[in-house]
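Summary of the model geometry
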Amino acid sequence: MEVDQLQRSFLEYSRLLFHEGFLDGQFSQLQLLQDESNPDFVFEVVSLFFEDSERLLNDLTIALDQQNVDFKKIDAHVHQLKGSSSSIGAQRVKNVCIAFRNFCDEQNVEGCLRCLQQVKQEYLLVKTKLEAQLRLEQQIVAAGGAIPMLNEFC
């Protein structure tokens, strides 16, 4: 595939991610921080998000499976997940975390369990979408092209 066609595919795919609410303007801001001195910046930040999210989702699963649920501990994990999803622009994950924290405040185990399933689903969706976008970026660079800027979507 030629560079210009890869770049068009990247932009179309990115528009879709923004339009469907998977990403918000924060992701565009991340991309602006990537330059020649740090060409893998977005990949590294997104990879850290994946690692942190999987650890937090595992911790939440364990915490909600306890006989005596520690809502402060759960809220702290959800707060971390909300922060890391906000920092990369994973809007749908962040939005579920907001509802999740409300159920923590209410000490509603059933609501927390529903939100845990929903946040796991949204995380897996955004992970799949971001992995595909990162593959497109790698193809563009391998073909000798530059990654198109996303700031027009903010």
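Residues numbered from 1 in each chain as written. Predicted model: local features only at pLDDT ≥ 70, side-chain atom pairs only at ≥ 80, totals over all residues. Heavy atoms only, no water.

Threshold: UniProt positions are given in the numbering used here, feature names are shortened, and annotations may be inferred rather than shown by experiment.
With an unreviewed UniProt entry as reference, the protein is termed Histidine-containing phosphotransfer protein, source organism Sesamum alatum. For the record of the protein, the UniProt heading Function (unreviewed entry) holds the text "Functions as a two-component phosphorelay mediators between cytokinin sensor histidine kinases and response regulators (B-type ARRs). Plays an important role in propagating cytokinin signal transduction."

**Some details on the side chain of Ser85**
How we decide: We count a stretch as a helix when DSSP gives it H or I for four or more residues in a row; a strand needs E for two or more, and each element gets its number in order from the N terminus. By definition, residues are in contact when any of their heavy atoms lie within 4.5 Å.
You can see Ser85 is positioned in helix α4 (residues 71-88). Contact partners of Ser85, with chain neighbours within four places excluded, come to Phe49, Ala90, Val93 and Lys94.

**Some remarks on helix α2 (residues 25-32)**
Stated formally: Only protein chains enter the accessibility calculation, which uses a 1.4 Å probe. A residue is then buried if its area is under 20% of the maximum for its type, exposed if over 50%, and partly exposed in between. Arc definition: directions from the helix axis to the C-beta atoms. Think of a polar contact as two N or O atoms within 3.5 Å of one another; within protein, one of them needs to be a possible hydrogen donor and the other a possible acceptor, and neighboring residues in sequence only count if both atoms come from side chains.
Every buried residue of α2 is accounted for by Phe27, Ser28, Leu30 and Gln31. Buried residues of α2, seen end-on, are gathered within an arc of 155° and therefore sit on one face of the element. Here the buried face of α2 lies against α1 (3-19), α3 (41-64), α4 and α6 (109-142). Between a side-chain oxygen at the N-terminus of α2 and the backbone nitrogen of Gln26 the separation is 3.0 Å; the capping residue is Asp24.

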